[in-house]
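# Structural overview
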Number of protein chains: 2
Amino acid sequence: MRKITIEDVAKAAGVSRALVSIAYRGVAGVSDKTREHIFAVGQKLGYVPNLNAARLASKGIKTIGVFLQDLHNEVFADVFDGIRKVIDEQEVQLVISVGSAEPGRDAKAIDTLIAARVDVIIAAGLTMSDSELQRYAKATTLISVTRKAHGVSSVSSDDYLGAKLATEHLIAGGHSRISFLANPQTDGYLGRQAGYLDAMATAGLPALVKESSYQRVQAEADALELLEQGKPTAIFAHNDLSALGVLDALVSTGLKPGADVAVVGYDNTSLSQTPVLALTTVDPHSFELGKTAAQLALKGLVGKLDGDDSVEFQPELVIRSSSMR
Amino acid sequence: MRKITIEDVAKAAGVSRALVSIAYRGVAGVSDKTREHIFAVGQKLGYVPNLNAARLASKGIKTIGVFLQDLHNEVFADVFDGIRKVIDEQEVQLVISVGSAEPGRDAKAIDTLIAARVDVIIAAGLTMSDSELQRYAKATTLISVTRKAHGVSSVSSDDYLGAKLATEHLIAGGHSRISFLANPQTDGYLGRQAGYLDAMATAGLPALVKESSYQRVQAEADALELLEQGKPTAIFAHNDLSALGVLDALVSTGLKPGADVAVVGYDNTSLSQTPVLALTTVDPHSFELGKTAAQLALKGLVGKLDGDDSVEFQPELVIRSSSMR
DNA sequence: TTGTAGGCGTTATCAT
DNA sequence: ATGATAACGCCTACAA
């Protein structure tokens, strides 16, 4: 089962390697007749062009690398859908790399993309430090989605505003003991908490923050503690996944979401949209984020992407029953 | 921002390209002193070995290609976690390729892996026809997970048994009008339905099958129809995602899961494990599936993987409140 | 321990 | 329209 090469096809078809290459790349320079002949032979031999060799030899093959933080969080699936939506219509390759909870893993994942010599990197959900991100952005063409930092191109949603809207919604609902279940405090992901804090301060209400993790189970445990200690009447979680953890905590405490304790998430994942959960949340427009990032990447592929070519979306509050009595 | 090569590093460090190569591959043949020197220079220049060139030149670089059907279904995230768990401890590269609902997309995704010249392919959730799968398995070293077919190595769970257990559980619960919300009827994914049918036949109960899709929203619509037409007292969905759709349908009908209509899913995704949903389901041990597939892939990397080297896991029924009154 | 040189499978430039 | 022939960046005997 030896790998068959372009040379094998050329020999079998009685033409030069150059012609086979031209035929398979679909560029002009072959007669219809010989092209078909070449394809016929190639097909029979089971020939598939070696992308590694092609990438090495060609400056014409465009490929963009995509980093996704976590396959368990549907937000990234949404972003990916958006990316593919626009890339699919293009003659562009995609190389994927995924992260994980493990710290330092995302740097390694980006390195893989660089080693693969992708022309542009779209990174969704980077958790590295600002300085590290900036280093990467300087050395490569990098578009950060979901996360922004000084001097790096990014596509994001205004987390501060979204969180402010969510908090104000709860305040307007008559709640005063509103708690925020925070994500790990890393660079680039402090906007939601800031929005919450400001909204609370403005209303003259005491802030009640509890730091949690990205794991739903952990969120559940933290929410349980929160319920005992702070006795909040409303909990705003940093994302839908942890909001689900809050719902879990309520259920096991016998409390009714909405009626007893209002719950709000963030991301508007398909999960929050289900009638069963009916989770009030903030929509960052993940799919659009992905599409826009891909369009920027396309720009970076040809002309140039300015050092700091960023776009920020307006998030939207989506009210469902989890925050209504 | 020119790409810097091994030659640049060699020149700057005052050594030959060979030495730089040796140093970066971490093999024996360099003095500690010069290795460190080379690394220092390389670091300063921002050198990252070109994987394309490396793969082309070397037969020693092992890489495994991973295909995942759908990022929106957490099952594949679980499988992927399992794969990475064992691969991470190895000196092996991973190339990822993802599918989508669009038919014919998975073939294209596999082609990408082949073009990248991965040594082994782990494909989770292939929906192509048996014959097409068999063609691929003949031309490459392919391990199918979740899905099995004659003559192709696979790692799967006994869907027939799992579905049988689930159905028998419902029968034992006193239900007689039990409906099965089926997945699209494609090659390789008929086991669950078969298990349901046999269990029903054995009990002398009438089968009530409704074909649905892999979309949760579609499952919800189909479940609604089902509730009106067949008046089932229990619904067994082909996976957790569509079971969630069933729960949605119940909620919007004012029916209580468990109390009014029993619901059972399949996959034991983290979703079903949440106290809020508490979905009775069947655990195919997705994480283990991924681990085992990776171990087989490792075998395929070195020695040989027999044409049909398959392993099948025993699924496990996980009873939660969605199927209890 | 270090350097030399040929080859990996394509692409791309120049001829023909 | 077709065919030689250098790159492309790295690996790997083989020499030194």
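Residues numbered from 1 in each chain as written. Chains lettered and ligands numbered in written order. Predicted model: local features only at pLDDT ≥ 70, side-chain atom pairs only at ≥ 80, totals over all residues. Heavy atoms only, no water.

## Looking at the overall build of chain A
Helix and strand counts for chain A stand at 13 helices and twelve strands. Dimensions of chain A, computed from C-alpha atoms along their principal axes, come out at roughly 80 × 40 × 30 Å. Per-residue burial over chain A gives 52% buried out of 325 residues. Sequence separation of at least 24 residues holds for 68% of the intrachain contacts in chain A that already meet a minimum separation of 6. Working note: accessible area of chain A is about 13800 Å², and carbon and sulfur atoms make up 53% of it. (Helix = DSSP H or I, 4+ residues; strand = E, 2+ residues; numbered from the N terminus. Buried < 20%, exposed > 50% of the residue type's maximum accessible area, 1.4 Å probe, protein only. Contact = heavy atoms within 4.5 Å. Areas by Shrake-Rupley, 256 points an atom, 1.4 Å probe, with all protein chains shown as cover.)

## Digging into the protein's contact with DNA strand C
Neighbouring residues of DNA strand C: 26 residues in total, closest Ile6, Ser21, Arg25 and Ala57 of chain A together with Thr34 of chain B. For DNA strand C, the backbone portion of the atoms within 4 Å of the protein, that is sugar and phosphate, comes to 72%. The contact in question runs from a phosphate oxygen of DNA strand C to an N or O atom on the side chain of Tyr47 of chain A, over 3.0 Å. Contacts to DNA strand C include Ser31 of chain B, whose side-chain N or O atom sits 3.2 Å from a phosphate oxygen. Among the elements of the structure, helix H2 (17-25) and helix H4 (51-57) of chain A together with helix H2 (17-25) and helix H4 (51-57) of chain B are those that each provide at least two residues to the surface near DNA strand C. The biggest single contributor to the surface near DNA strand C is H2 of chain A, with four residues. Among the residues forming the surface near DNA strand C, the class breakdown is 13 nonpolar, nine polar and four charged. (Near = heavy atom within 4 Å. Polar contact = N/O pair within 3.5 Å; in protein donor to acceptor, adjacent residues only side chain to side chain. Nonpolar A, V, L, I, M, F, W, Y, C, P; charged D, E, K, R; others polar.)

## Quick look at the relation of the copies chain A and chain B
In the superposition of chain A on chain B (RMSD 0.1 Å, axial shift 0.0 Å), the rotation amounts to 180°. In the structure described here, the two chain copies are related by an operation that fits a two-fold rotation axis. Rotation axis and chain A: the residue whose C-alpha lies nearest the axis is Asn52 of chain A, separated from it by 2.4 Å. Looking at the interface residues of chain A, 96% of them are also at the interface in chain B, so both copies use one shared face. (Least-squares fit on C-alpha atoms with pLDDT ≥ 70 in both.)

## Quick word on the environment of Ile4 of chain B
Along the chain, Ile4 of chain B turns up in the segment before helix H1 (6-13). C-alpha separation for the pair Ile4 of chain B and Leu45 of chain B, spaced 41 residues apart in sequence, amounts to 7.5 Å. Contact partners of Ile4 of chain B, with chain neighbours within four places excluded, come to Arg117 of chain A together with Val9, Leu45, Gly46 and Tyr47 of chain B.

## Digging into the domain arrangement of chain A
The domains assigned to chain A are domain 1 (6-58), domain 2 (62-157 + 286-313) and domain 3 (159-284 + 317-323). Distance from the C-alpha centre of domain 1 of chain A to the C-alpha centre of domain 2 of chain A: 33 Å. (Domains from an automatic or database assignment.)

## What to know about the sheet that holds strand S6 (residues 178-182) of chain A
Across a sheet, paired strands are connected by hydrogen bonds in the backbone, their directions being either parallel or antiparallel. Residues and elements named next belong to chain A. One open sheet holds the four strands; their spatial order is S7-S6-S8-S9, and the pairing between them is parallel. A single partner strand is all that each edge strand has here, and the edge strands are strand S7 (209-211) and strand S9 (262-264). For this sheet the average axis-to-axis angle between neighbouring strands, irrespective of direction, equals 20°. The pairing of S6 with strand S8 (residues 234-237) spans four bridges and is classified as parallel. Paired with Ile178 across the strands is Ala234, a residue of S8. Together, S6, S8 and S9 form the strand contacts of helix H8 (residues 159-172), whose direction differs from that of S8 by roughly 170°. (Pairing = 2+ DSSP bridges. Axes fitted to C-alpha atoms, helices over the stretch in contact; angles between N-to-C directions.)

## Describing the protein's contact with DNA strand D
Taken together, 24 residues surround DNA strand D, and among them Thr34 of chain A together with Ile6, Ser21, Arg25 and Tyr47 of chain B come closest. At the protein interface, 73% of the atoms of DNA strand D within 4 Å belong to sugar or phosphate. Interatomic distance of 2.8 Å between a backbone N/O atom of Ser16 of chain A and a phosphate oxygen of DNA strand D. Within the backbone of Ala57 of chain A, one N or O atom sits 3.4 Å away from a base oxygen of DNA strand D. Listed by contribution, the elements that provide at least two residues to the surface near DNA strand D are H2 and H4 of chain A together with H2 and H4 of chain B. No other element matches H2 of chain B, which puts four residues into the surface near DNA strand D.

## Details of unusual backbone geometry
For residues besides glycine, phi is generally negative; the peptide bonds are generally trans as well. Notably, Ala278 of chain A is not glycine yet its phi reads approximately 45°, a positive angle. Mapped onto the elements, Ala278 of chain A comes out in the loop between helix H12 (270-273) and strand S10 (281-283). Phi is positive for Arg117 of chain B, close to 55°, though the residue is something other than glycine.

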